[in-house]
Amino acid sequence: RGDPWFAIGLNVCWPGQGGTYDYDRYWQRLAAQGGNYARIWVGPFDCFALERRRDGPSDPAGLGRIDLAAAWRLDYVLERAAERGIRVMFCIDSFNSLRIREPYPGWQRCPYNAALGGPLEKPEQFFTDPAAQALFRHRLRYIVARWGWQPAVLSWEFWNEVNIIETYISADVAAWHRDMARYLRGLDPW
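Below, the structure is looked at part by part. Bear in mind that the values here come from a model prediction, so they are computed numbers and not experimental data.

Here we look at helix 4 (residues 170-187)
Inference 1: The terminal C-alpha atoms of helix 4 lie 25 Å apart, and with 18 residues this matches the ideal 26 Å at 1.5 Å per residue to within 8%.
Inference 2: Val-173, Trp-176, Met-180 and Leu-184 are the residues of helix 4 that are buried. Seen from one end, helix 4 has its buried residues packed into an arc of 60 degrees, which puts them on one side. Away from the buried face of helix 4 by more than 90 degrees, exposed residues Ala-171, Arg-182, Arg-185 and Gly-186 are located.

A look at the nonpolar core
Inference 1: Counting 47 residues, the largest nonpolar core has Trp-27, Phe-126 and Trp-147 as its most contacted members.
Inference 2: Setting aside its immediate chain neighbours within four residues, Trp-27 contacts Val-12, Ala-38, Ile-40, Val-77, Arg-80, Ala-81, Arg-84, Ile-86 and Val-88.

So, the environment of Leu-74
Inference 1: Mapped onto the secondary structure, Leu-74 falls in helix 2 (residues 68-83).
Inference 2: Sequence separation of Leu-74 and Phe-90 is 16 residues, and the distance between their C-alpha atoms is 10 Å.
Inference 3: Excluding anything up to four places from it in sequence, Leu-74 contacts Ile-40, Val-42, Phe-48, Leu-50, Phe-90 and Trp-147.

Considerations on the packing of aromatic side chains
Inference 1: One pass over the structure, following the stated rule, counts 22 aromatic pairs.
Inference 2: Their ring planes at 80 degrees and their centres at 5.3 Å tell us that Phe-126 and Phe-127 sit as a pair that is edge-to-face. The two residues Phe-126 and Phe-127 agree in class, both being buried.
Inference 3: Taking 5.8 Å as the distance between ring centres and 50 degrees as the angle between the ring planes, the aromatic pair formed by Phe-126 and Trp-176 counts as tilted.

Let's talk about the packing of helix 3 (residues 130-147) against helix 4
Inference 1: Running from amino to carboxyl end, helix 3 crosses helix 4 at an angle of 35 degrees, the nearest separation of the two axes being 10 Å. Taken as a pair, helix 3 and helix 4 cross one another with a handedness that is right-handed. For the pair helix 3 and helix 4, the contacting residues are Gln-133, Phe-136, Arg-137, Leu-140, Arg-141 and Val-144 in the first and Trp-176, Asp-179, Met-180, Tyr-183, Leu-184 and Leu-187 in the second.
Inference 2: Grouping the amino acids of the contact of helix 3 with helix 4 by side-chain chemistry returns eight nonpolar, one polar and three charged.

Rules used throughout
- Residues numbered from 1 in each chain as written.
- Predicted model: local features only at pLDDT ≥ 70, side-chain atom pairs only at ≥ 80, totals over all residues.
- Heavy atoms only, no water.
- Helix = DSSP H or I, 4+ residues; strand = E, 2+ residues; numbered from the N terminus.
- Expected span 1.5 Å × (residues − 1).
- Buried < 20%, exposed > 50% of the residue type's maximum accessible area, 1.4 Å probe, protein only.
- Arc of directions from axis to C-beta.
- Core = buried A, V, L, I, M, F, W, Y, C linked by side-chain atoms within 4.5 Å.
- Contact = heavy atoms within 4.5 Å.
- Phe/Tyr/Trp six-rings, centres within 6.5 Å; stacked < 30°, edge-to-face > 60°.
- Axes fitted to C-alpha atoms, helices over the stretch in contact; angles between N-to-C directions.
- Left-handed = near helix turned anticlockwise from the far one by under 90°.
- Nonpolar A, V, L, I, M, F, W, Y, C, P; charged D, E, K, R; others polar.

Don't take any of this as a statement about function, it's just geometry.
Structure follows, in structure tokens:
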């Protein structure tokens, strides 16, 4: 439309012990102070993890499978943001998924890890492995189909701080981002 819009907000990465209900309070306080923007993570370590390791035979999660309970929690949080006029940067993953050592490693729980049945022997292969790329595209298709229409979603961000994984190969990561951005642009009509 061409109207100027100024983002006033903060990084509200993940909930505390209150789960999604924390966002009732976060959004209320942010809106009360004139805030209209926030960034949330759909990372590997909280209640929003869409693709996570399977925790037993009855767990419907796993590589290439969307955790529908986590998706519902995101529905809830985004709906509450929209009600308060808050636009959200949707950060799809975090370095933790591909980090082996402290601080905050998550590779040992990452569904892409070959030790858990995934296609990757090493985290840095995420950016070059065709199977991993296909799986991530699958996740993007789901994300856009479920939340692309949502007025609260302002933008997509692929990674939080991906450059702090142990073996960061800039050329591979840049090429991956270029290709995924083209794919995402083709999926998202908005």
